[in-house]
Amino acid sequence: MGAVGSKQHARVPKASKLSDVYDDNENSVATRYDTLVSAFKTQFEGEKPKTITRSPGRVNLIGEHIDYEGYSVLPMAIGLDVIVAVSVALKEEGNVEEDEAEATLSIANVDGEKYTPKEFPFDHEQEVDVKSHHWTNYVLCGFKGIFDQLKKQNKLESVLESAFMKRVKKVMVMVDGKVPLGSGLSSSSALNCAVTVALMDAFELSFTKGELSELTCLSERYSGTQSGGMDQAISIMGEKDLAKRIDFNPIGAMDVPLPTNLTFLIGNSCAVSKKAESAHKHYNLRVVECRLAAILMAKHYGEDIEKAKTRVTLREVADLYCNKGDLWTALGAVRKALNEGSYTKKQLENDEGLGDLRKIFDCENNEAFNVVLQKNDTFKLRDRARHVFSEARRVHEFQKICEGQSPRYAVSGPIYEHWCKVIGLVPDVGVASDDPTKDFGHPMYGMGKEDALAKLMHLSHESCKTQYECSCDELDELVDAFMSAGALGARLTGAGWGGCVVAVCESDIAEEILADVKKSFYEKRFQSGVANIADETNLLFKTAPSAGAAILHYDDEKGVIV
Ligand code: GLA
């Protein structure tokens, strides 16, 4: 069972009216759906959609790059989403010509000039061409994921043999996305999730939200990034007015109410972060570094080298050896188990006795890791592990404070109390590094809830920047712009290396801050052409927790929703 308040056993809701899902002006939303439907009919020669779904992007408030290490994260779904219309044309019974024709999966986009259509065979075993980076790759991921899930549930054979599946002639998919690409707001997962839910419904299958979250997390890896499950889980399980603590193994989503006097703002750094294209030197490299750190920590705790090599996440090792996962103990252990700076491949393979790294990462079967090991020779382990354990703490503290615990008490745990006693300090929250004796430069004792949350976001950014090295100049500049404009805190959100910043401020000055940041950060970019003024509202805006994935009822006579 997941945490209390989790919704992983529920099904994706069927929305009965647009206001179940959207806060925006209903007319403009309805027009968008009308456009989707007419684009569908034009592209597919008069066919009508059978299922329409939507799934949102997300903004992560805190907990960066720790989902794939097994630790909880704290995102919320945003109003920007991907909408999808799907229909399945069936072969006419007894029509020999149709019977023999190869079934197809045909994918198109409302913005067909920018996102060109593509047709694939209706074959769940086909590979996703990770070298092409075509937008339809994510649709293919969703398609394959459905069949992987059926296989996992031992239902694949029977579904493939069903009268319905045998008669499939053409699956038609039309997409319209509003989540800006490469912005760190998870456009790819919104697309994957919206498509997966639509295909599930069109194929007359039914998975729980938990199953959908897990299957979309795994299926997105076909696109070439070894990402964790945060983006898909919040896109599926998000809810209006609530941030969520997303847990893994087992998956769960616990409600986290945010203080009502605070507003969250999003700003796009205008540095595009192409997750899949740069994965080998950024995202996937970090996954490899964390795994190597976990292996060396297991070795430090006396595990036989062969056993240590089977360790996959830092959490696994901390749970086993660090006082049942106490993060302070884990942070202390990092200093003893891992060298400062970088390790070379040779050092890891020979001096540390890990042998051929390619074997550990099963490179013969995993191209993503294969490329990482081919293209990188140095691996930073200590800094990465330090980020992961300290960020996991910050998520815990953030949640406790949101739930009303005083910042003074949000930190607990025997080791922390012990350290505080030894050095004669009052327990406090928000320690960014692994050494409590050095780190009381960030005291939160006596701070109000709002300042403490903001401070945690600030510390998270610092850790991303200095320990995890996933920030960039534009993100840092935008964080500073928000802070100078009067935000309480600001940090990069999502994978980083470009994309967006999330900032928090007192609600009554949100507009002022937006105006100020527009002046200090965006105006010069509009002038130089780095950003387009027409995109202004998608570059800098207020956000609030929005609904997750939904199936919308389409009625051809009356419009999308009846
Ligand atoms: C990407 C991944 C997520 C997560 C974040 C970083 O968005 O898809 O799983 O790892 O980066 O927190």
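Just so it is clear, the model here is predicted, and its values are computed rather than measured.

About the criteria used
Residues numbered from 1 in each chain as written. Predicted model: local features only at pLDDT ≥ 70, side-chain atom pairs only at ≥ 80, totals over all residues. Heavy atoms only, no water. Phe/Tyr/Trp six-rings, centres within 6.5 Å; stacked < 30°, edge-to-face > 60°. Helix = DSSP H or I, 4+ residues; strand = E, 2+ residues; numbered from the N terminus. Buried < 20%, exposed > 50% of the residue type's maximum accessible area, 1.4 Å probe, protein only. Lys NZ or Arg CZ within 6 Å of the ring centre and 35° of its normal. Near = heavy atom within 4 Å. Polar contact = N/O pair within 3.5 Å; in protein donor to acceptor, adjacent residues only side chain to side chain. Areas by Shrake-Rupley, 256 points an atom, 1.4 Å probe, with all protein chains shown as cover. Nonpolar A, V, L, I, M, F, W, Y, C, P; charged D, E, K, R; others polar. Salt bridge = Lys/Arg side-chain N within 4 Å of Asp/Glu carboxyl O.

Enquirer: So what about the packing of aromatic side chains? Which residues, and what values?
Expert: With the rule as written, the count across this model stands at 14 aromatic pairs. Measuring from centroid to centroid gives 6.2 Å for Tyr 71 and Phe 389, while their planes differ by 80°, and the two rings are edge-to-face. Taken together, the residues Tyr 71 in the loop between strand S2 (51-62) and strand S3 (74-90) and Phe 389 in helix H16 (residues 382-402) connect sequence positions 318 residues apart. In this structure Phe 389 comes out as buried when scored by relative accessible area, which is 0%. Cluster of aromatic residues (ring-pair linked, three or more members): Phe 122, Phe 143, Phe 147 and Phe 203. When the ring centre of Tyr 222 is taken as reference, the NZ or CZ atom of Lys 144 above it lies at 4.6 Å. We note Arg 291 situated over the ring of Phe 361; from NZ or CZ to the ring centre the distance is 5.0 Å.

Enquirer: Could you give an account of the site of the ligand, naming the residues involved and the relevant values?
Expert: If you check the shell around the ligand, you find 13 residues, and the closest are Glu 64, His 65, Asp 67, Asp 231 and Tyr 283. The contact in question runs from an oxygen atom of the ligand to an N or O atom on the side chain of Asp 231, over 2.6 Å. Within the side chain of Tyr 283, a nitrogen or oxygen atom sits 2.5 Å from an oxygen atom of the ligand. Relative to its unbound accessible surface of 310 Å², the ligand loses 99% to contact with the protein. Grouping the amino acids of the shell around the ligand by side-chain chemistry returns 4 nonpolar, 4 polar and 5 charged.

Enquirer: Before we move on, could you go through the pattern of salt bridges and cite the residues and values that matter?
Expert: Counting across every chain of the model gives 33 salt bridges. For the salt bridge of Lys 166 with Glu 161, the shortest nitrogen-to-oxygen distance reads 3.2 Å. A salt bridge links Arg 384 to Glu 289, with the nearest nitrogen and oxygen atoms 2.8 Å apart. Of this pair, Arg 384 sits in helix H16 while Glu 289 sits in helix H9 (residues 283-300), and the two are 95 residues apart along the sequence.

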